Amino acid sequence: MQRQRDGRVIICNKQRPQTTRDVRRPSPPSPREGAGGGLSGKSLTSRRASPSAHEAGIPFVALFAALLLAGLPTIADAQAPPPAFDEKDVVLRSMVAEMERSMKDLVLEGMERPYFIQYVVEDTVAFNVQAQYGGLLQVDENRRRTFQPDVRVGSYQLDDGNLGFGGGGGIPLPLDDDERAIRHNIWLGTDADYKMSLEILTRKQAMLKEMNVEDRPDDFSKTPPVTVMDPVIALPVDRAAWQENVRKLSERFLAFPNIESATVTFFAGHTNRYLVNTEGTRYRHGDTGVIITASASMRAADGMDLSDERQFIGEQFDQLPAMDKMLAKIDEMCADLAARATAGSIEHYSGPVLFDPPAAAAATSAVLGDAFCAKPVTVGSRFAPDD
């Protein structure tokens, strides 16, 4: 029944193979070990969770990761020629030092060395408030710093990518700017990713041989290095004021007794994102985001559950609507729900469907995105032409 109204393949985590005795790998940084190197700047597409400098222009959506513009800008986005490297940044310095050390020393006896390494670190601070009917339900603030390695073995023509294995949610890094501790965790993550890449490449080579695939595109491609060295950013939040604002917005639903459940959530935060790789890219960029979501639900006379929400999004607080406009939008949403609850229903409908602008963008991306960007078919999948 419809009510009238206007209007990824499963990804398996890499499993760490058992440790071998004949491994020759860089040891963890010692207390007396120097910070090591740094050099210039590139970006390449990663087949795991770590994005690359190729992935420019990812949409700004409701969840925080998307809200903070997880995609990378192009060189043209820089306002002025940035410095090639910031030696004072402990996180950036640690990433480059461990990457260069791993390219030089990381190898299992009798196995291939990495031909490409990329590191992504995201340092995020988030403040959240939730309220219902004028009462605060939750107030919390959290910070996290995560690390995602991408260690590739093989060659640009054939490597361990595109076999359906994906990365997890990232490896936690120390929040303090302790260079030894940060480098130690980066070393552990790099070592584990390298071992699994060797295992995946072996599986892939066997699969391609069994499938008798001869004419295939390269797995990876070189691009010129990218250098973006923006200042580290932060988003100051007046916590007391915004707790009161969220309380007032949620209190508005008391004027609509037919609404069965209503919640207002508030998020504000910032992310400083780092990306370095062995082809020269050196990238640091910060994004801020604020999002307020007012949601409500009710039940129609025939028992159908109805729900709706309004969102207010900005990169800074001054981009949000005024309080009276947000209250008016809540009134509009509740009135719309009441109208839908009394609207007639149809058993069957065949015809055009109208999408709101945010829904249209999401639907287009889901249906056509992979085709437009020429995303390669996963090796061994049932959609592969050689399968």
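**Q** When you look at the pattern of salt bridges in this model, what are you seeing that I'm missing?
**A** Between side chains of opposite charge, a pair can form when the charged atoms approach closely. Summed over all chains, the structure comprises 24 salt bridges. Across the pair Lys204 and Asp219 runs a salt bridge whose closest N-O atoms are separated by 2.6 Å. Of this pair, Lys204 sits in helix α3 (residues 179–211) while Asp219 sits in the loop between α3 and β9 (227–229), placing them 15 residues apart in sequence. Residue classification places Asp219 among the buried positions, given a relative accessible area of 19%.

**Q** Teacher, can you tell me more about helix α2 (residues 90–105) here?
**A** Each α-helix winds once per 3.6 residues, and so residues spaced three or four apart point in a common direction. With 16 residues, α2 should cover 22 Å at 1.5 Å per step; its first-to-last C-alpha distance of 22 Å lies within 8% of that length. Burial analysis of α2 places twelve of its 16 residues in the buried class, which makes it a mostly covered element. For α2, the full list of buried residues reads Val90, Val91, Leu92, Arg93, Ser94, Met95, Val96, Ala97, Glu98, Met99, Arg101 and Ser102. Its buried side turned inward, α2 meets β5 (114–132), β6 (135–153), α3, β9, β10 (261–277) and β11 (282–299). Where α2 starts, the residue carrying a side-chain oxygen 3.0 Å from the main-chain nitrogen of Val91 turns out to be Asp89.

**Q** Quick question: what am I supposed to make of the confidence of the model for the chain here?
**A** Regions with low pLDDT carry predicted coordinates that are not meant to be interpreted in detail. Predicted confidence across the chain gives a mean pLDDT of 80, with 75% of residues reaching 70 or more. In the predicted structure, residues 1–79 sits below a pLDDT of 50 and forms 243 contacts with residues beyond four places in sequence or in another chain.

**Q** Any chance you could explain the pairing of strand β12 (residues 305–314) here in plain terms?
**A** The side chains of a regular strand alternate between the sheet's two faces. Of the two faces of β12, the one lined by Leu306, Asp308, Arg310, Phe312 and Gly314 is fully buried and the one lined by Asp305, Ser307, Glu309, Gln311 and Ile313 carries no buried residue. Pairing geometry for β11 and β12, over ten bridges, is antiparallel. Bridge pairing links Arg299 to Asp305 in β12. From the end of β11 to the start of β12, which pair antiparallel, there are five residues, and Gly303 there has a positive phi angle of about 95°.

**Q** For this particular structure, what's the right way to read the packing of helix α4 (residues 239–251) against helix α5 (residues 323–342)?
**A** Packed helix pairs are specified by the crossing angle of their axes together with the interaxial distance, meaning the distance between the axes. Interaxial distance between α4 and α5 falls to 10 Å at its minimum, and their mutual angle equals 30°. Between α4 and α5, the angle falls in the class roughly parallel. For the pair α4 and α5, the crossing hand works out as right-handed. Of the residues in α5, those in contact with Asn245, Lys248 and Leu249 of α4 are Met323, Met326, Leu327 and Ile330.

**Q** Got a minute to help me understand the packing of α2 against α3 in this structure?
**A** Between α2 and α3, whose axes approach to 9 Å, the crossing angle comes to 40°. Classified by the interaxial angle, the pair formed by α2 and α3 is oblique. Between α2 and α3 lies a crossing whose hand is right-handed. Residue-level inspection shows Val90, Val91, Arg93, Ser94, Met95, Ala97, Glu98, Arg101 and Ser102 of α2 in contact with α3, the latter providing Glu179, Ile182, Arg183, Ile186, Trp187 and Thr190.

**Q** Can you help me understand the packing of aromatic side chains in this one?
**A** The geometry of two aromatic rings is summed up by the distance between their centres and the angle between their planes. One pass over the structure, following the stated rule, counts eight aromatic pairs. Relative to Tyr156, the ring of Tyr115 has its centre 4.9 Å away and its plane inclined at 70°; by these criteria the two rings are edge-to-face. Here Tyr115 is found in strand β5, whereas its partner Tyr156 is found in the loop between β6 and β7 (165–166), with 41 residues between them in sequence. For Tyr115, a relative accessible area of 17% puts it in the buried group.

**Q** Just to check I follow, could you spell out the nonpolar core for this structure?
**A** A general tendency of soluble globular proteins is for nonpolar side chains to be buried together. By size, the foremost hydrophobic cluster in this structure holds 30 residues, and its most contacted members are Leu249, Phe253, Ile259, Val264, Phe266, Ile292 and Ala296. Among the elements of the structure, β5, α4, β10, β11, β12 and α5 are those that each provide at least two residues to this core. In terms of residue count, the dominant contributor to this core is α5 (seven residues). Once residues lying within four places of it in the same chain are set aside, the contact partners of Phe253 are Tyr133, Ala262, Val264, Ala294, Ser295, Ala296, Ile330, Met333 and Cys334. Val107, Ile186, Leu201 and Tyr274 belong to the second largest nonpolar core, which has 25 residues in total.

**Q** Honestly, the side chain of Asn277 in this entry has me stumped. Any pointers?
**A** With respect to the helices and strands, Asn277 occurs in strand β10. By relative accessible area, which is 0% here, Asn277 ends up buried. Reaching out from Asn277, the side chain makes a polar contact with the backbone nitrogen of Glu279 at a distance of 3.0 Å.

Parameters at a glance
Residues numbered from 1 in each chain as written. Predicted model: local features only at pLDDT ≥ 70, side-chain atom pairs only at ≥ 80, totals over all residues. Heavy atoms only, no water. Salt bridge = Lys/Arg side-chain N within 4 Å of Asp/Glu carboxyl O. Helix = DSSP H or I, 4+ residues; strand = E, 2+ residues; numbered from the N terminus. Buried < 20%, exposed > 50% of the residue type's maximum accessible area, 1.4 Å probe, protein only. Expected span 1.5 Å × (residues − 1). Contact = heavy atoms within 4.5 Å. Polar contact = N/O pair within 3.5 Å; in protein donor to acceptor, adjacent residues only side chain to side chain. pLDDT = per-residue confidence, 0-100. Pairing = 2+ DSSP bridges. Axes fitted to C-alpha atoms, helices over the stretch in contact; angles between N-to-C directions. Parallel < 35°, antiparallel > 145°, perpendicular 65-115°, else oblique. Left-handed = near helix turned anticlockwise from the far one by under 90°. Phe/Tyr/Trp six-rings, centres within 6.5 Å; stacked < 30°, edge-to-face > 60°. Core = buried A, V, L, I, M, F, W, Y, C linked by side-chain atoms within 4.5 Å.

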